[in-house]
Amino acid sequence: MVAYDGRQRKNKRYLVLFMAVLLMFSVGCRQKKGGDADTGGQRKEEGQKLTQYDDIGGTVWTETWEAESSYYAKIAVRVDALVIVPAVERMSVAEVKEFTFDKENIQMVAQGIFGSSVSSYDERNLPKDMLERRLEEAKISLEGAEREKRESERNPDAFSDPGKIAEDVEIERKEVKRLTELLESGSAGEDFAREPAGEYQSDHYTGEQNGVEYLLDFEEEEVVNGEGEGRKILFAPRREKDVWPEELKEMDTVEKSTSSRKPEEGEDLDKAQKAAEDFLKKAGFSDTLCSSSDLLLWEGTSSGRSEQETKKVVQMGYRFIYVTGVDGMTFRTPGAINEYSWSKDSDNEYPGYTQIELDVTDAGVVSAEWTYPIITTSVTSNVQLLPFDDIKNAVRESMGKCVDALYYVPDDKKEREKAKQEVRDVKVSRMKLGYFRLKDPSREGYYSYVPVWQAEGICVVNAIDGTVIDLGTVQE
């Protein structure tokens, strides 16, 4: 497990760190009536609560004090905070590790989904229909890159790196040229050259589900300077038309989206959710929790003979979002990094939170996408949490250091002297109990999710031992 470090080293780079420590609770797929967004969209029922916090959940902590600072004359702290306790029976410490694309993991997913009939294919020798689809996608990407380049030439000051934009255009042009030449050469066949999965050294696999051929791809891109896709697993039909609604089979293109209207509870939703969870269990991701469900929309477009577009929308199936979690709570935010915030020292760390998006129809799971996959390796259940009074004492004692680590102080001597005369006002309006990700310093790719109390994203206190987590260094 991660060793908790209460050191308060200073780090001025986190200008917007409060965005990164918003602890988002689960929004249930089948929400109970009377649910509250701050308690995970679930109604507190008998036996579904942390009994040690019975008397504080929903109360307001009100207090003011002055905290010492290394950079300001003083810090005026005003707490008028709603105390938010999740609707769960217990909290735990969960150890997780990055899901790397080694032979063992790839074999687990591929065989779990396709069974013994799984085959691998060579991405360099795609059939004609897939090359045509890739070419269309590449042309769209090129158009976007060229549009951004023109904008950067008109207004260069609005872009941090116009040279990089020009490089992107050339990359997209080369890809369009490569795919065009492949198609014109006539070398592309009508089908894959399939091979037995064998030693599972490939990143690309194919197999059948319910009479439909699907592709399973393991994609990995290095994250540099906060940019890059990281690791993804993609499951999609070889021919998209195979899973389109019957009413749209004659359309030229079909795009998927979700409805703003939430699905109704009932047998259809339960059946679809079970299909999603059975699929994840077979793939080796049974440690995930359903975070949201939406009605799935299919929008077909056809030009027809008149060249006037015809559109038709059909509602069929559901889209589920699953994320890793424990005890009914999801790990939606990993700690000091999420899609809103990057730190200089963690650009190459495992970013984002794990999310699995699944589209389910009567035919079963018709597409799935894993983003930054992780798996749970161990869980220490029902850990003892500190009394809330101890948490409040930790916030009082550490607020000055928390603020010093959070707010930027200029390097200019005059500006620092000016800051020394200022009073920094800090207001805390919410105290929320949730989870926070800590990196294991001794094992690469391992993390622990620990229960914490968050004071408005300014101070984050370990709920087990009371140490204040140093937001400037947790990911180093």
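About the thresholds
Going along each chain's sequence as written, the residues are numbered from 1 onward. Under the rules for a predicted model, residues below a pLDDT of 70 receive no local features and side-chain atom pairs below 80 are neither given nor counted, while totals for whole chains, interfaces and linings still include all residues. Heavy atoms throughout the structure, all of them, feed into the side-chain values; hydrogens and water do not. Strands are runs of DSSP state E lasting at least two residues, helices are runs of H or I lasting at least four, and both sets are numbered from the N terminus onward. Between buried and exposed lies partly exposed: a residue is buried under 20% and exposed over 50% of the maximum accessible area for its type, with that area taken using a 1.4 Å probe on protein chains only. A contact between two residues is defined here by any heavy atoms of the two lying within 4.5 Å. Note on areas: Shrake-Rupley, 1.4 Å probe, and residue coverage restricted to the protein chains presented here. For this analysis, a nonpolar core means a set of buried residues of the types Ala, Val, Leu, Ile, Met, Phe, Trp, Tyr and Cys, connected via side-chain atoms within 4.5 Å. Two strands qualify as a pair provided DSSP detects at least 2 bridges between them. The definition used for a disulfide is geometric: two cysteine sulfur atoms within 2.5 Å. As a per-residue measure, pLDDT tells how confident the predictor is, with possible values from 0 to 100. For the purposes of these results, a polar contact is taken to be a pair of N or O atoms within 3.5 Å, where, inside protein, one atom must be able to donate a hydrogen and its partner to accept one; residues adjacent in sequence count only when each atom of the pair is a side-chain atom. Think of each axis as a best-fit line through the C-alpha atoms, taken over the contacting stretch in the case of a helix, with angles from 0 to 180 degrees between the N-to-C directions. Oblique is the label for any angle not under 35 degrees, not over 145, and not in the 65 to 115 range, which are roughly parallel, roughly antiparallel and roughly perpendicular in turn. Lys, Arg, Asp and Glu make up the charged group, whereas Ala, Val, Leu, Ile, Met, Phe, Trp, Tyr, Cys and Pro make up the nonpolar group; the residues left over, Gly among them, are polar. The term salt bridge refers to a pairing of a side-chain nitrogen on Lys or Arg with a carboxyl oxygen on Asp or Glu at a separation within 4 Å. To pair, rings of Phe, Tyr and Trp, with the six-membered ring standing in for Trp, must have centres within 6.5 Å; the planes then decide the type, stacked if under 30 degrees apart, edge-to-face if over 60, and tilted in the middle. By definition here, a helix of n residues has an expected span of 1.5 Å times n minus one.

(A) Focus on the overall build of the chain. Check the secondary structure of the chain and you find seven helices and 18 strands. Among the 476 residues that make up the chain, the fraction classed as buried is 48%. Taking contacts inside the chain between residues at least 6 apart in sequence as the whole, the part at least 24 apart equals 74%. Total accessible area on the chain is roughly 24,400 Å²; 44% of this is exposed by carbon and sulfur atoms.

(B) Highlighting the nonpolar core. With 52 residues, the main nonpolar core has Tyr53, Phe388, Met399, Met431 and Trp453 as its most contacted residues. No other element matches helix α6 (residues 388-406), which puts eight residues into this core. Setting aside anything within four residues of it in sequence, one finds Tyr53 in contact with Val85, Leu385, Leu386, Phe388, Leu433 and Trp453.

(C) Main features of the pairing of strand β7 (residues 212-221). The buried fraction of β7 amounts to seven of the ten residues, a majority that puts the element mostly inside the structure. Bridge count between strand β6 (residues 204-209) and β7: six bridges; the pairing is antiparallel. Bridged to Glu208 within β7 is Glu213. Remark: two residues form the turn of the hairpin made by β6 and β7, two consecutive strands paired antiparallel; Asn210 in that turn has positive phi of roughly 55°. As judged from the eight bridges shared by β7 and strand β8 (residues 230-237), these two strands associate in the antiparallel manner. Looking across to β8, one finds that Asp217 is bridged to Leu234.

(D) Representation of the state of the cysteines within the structure. What the rule picks out here adds up to one disulfide. Two residues, Cys402 and Cys459, share a disulfide whose sulfurs are 2.0 Å apart. Here the S-S torsion is close to 110°, and the disulfide linking Cys402 with Cys459 is therefore right-handed. One end of the pair, Cys402, is in helix α6; the other, Cys459, is in strand β18 (residues 459-462), and 57 residues separate them in sequence. In this pair, the class of Cys402 matches that of Cys459, namely buried.

(E) Representation of the confidence of the model for the chain in the model. For the chain, the average pLDDT comes to 80, and 81% of its residues sit at 70 or higher. With pLDDT under 50 throughout, residues 1-28 is counted as low confidence; its partners more than four residues away or in other chains account for 105 contacts. For residues 333-349, every residue scores under 50 in pLDDT, and the model assigns this stretch 58 contacts once sequence neighbours within four places are set aside.

(F) Inspection of the side chain of Glu98 at higher detail. If you trace the backbone, Glu98 turns up in strand β3 (residues 93-98). A polar side-chain atom of Glu98 sits 3.1 Å from a polar atom in the side chain of Tyr447.

(G) Highlighting the packing of helix α2 (residues 103-114) against helix α5 (residues 267-283). Two numbers describe how α2 lies on α5: the axes approach to 7 Å, and their chain directions differ by 135°. In terms of their interaxial angle, α2 and α5 are classed as oblique. Residues Met108, Val109, Gly112 and Ile113 of α2 touch α5, and the partners they reach there are Phe279, Lys282 and Ala283. Tallied by class, the residues present in the contact of α2 with α5 amount to five nonpolar, one polar and one charged.

(H) Spatial organisation of the pattern of salt bridges. Enumeration according to the criterion identifies 24 salt bridges in this entry. Taking the shortest distance from any N to any O, the salt bridge between Lys274 and Asp278 comes out at 2.8 Å. With Lys274 and Asp278 both in helix α5, this residue pair falls four residues apart, about one helical turn. For Asp440, the salt bridge is made with Arg443, and the minimal N-O distance between the two is 3.2 Å. By sharing partners, the salt bridges in this structure join Asp129, Glu213, Arg238 and Arg239 into a single network.

(I) How the structure looks around the packing of aromatic side chains. One pass over the structure, following the stated rule, counts 18 aromatic pairs. Plain terms: the ring middles of Tyr53 and Trp453 are 5.4 Å apart, the flat faces sit at 85° to each other, and that makes the pair edge-to-face. With a gap of 400 residues between them, Tyr53 in the loop between α1 (17-20) and β1 (60-67) and Trp453 in strand β17 (residues 446-455) connect regions that are remote in the sequence. Considered together, Tyr53 and Trp453 belong to a single accessibility category, that of buried residues. Ring centres 6.2 Å apart and planes at 80° place the aromatic pair Trp61 and Phe388 in the edge-to-face group.

(J) Fine view of helix α3 (residues 128-154). Over its 27 residues, α3 runs 39 Å from end to end, which matches the ideal 39 Å to within 8%, given 1.5 Å per residue. Looking at the buried positions of α3, the neighbouring elements they touch are α4 (162-185) and β7.

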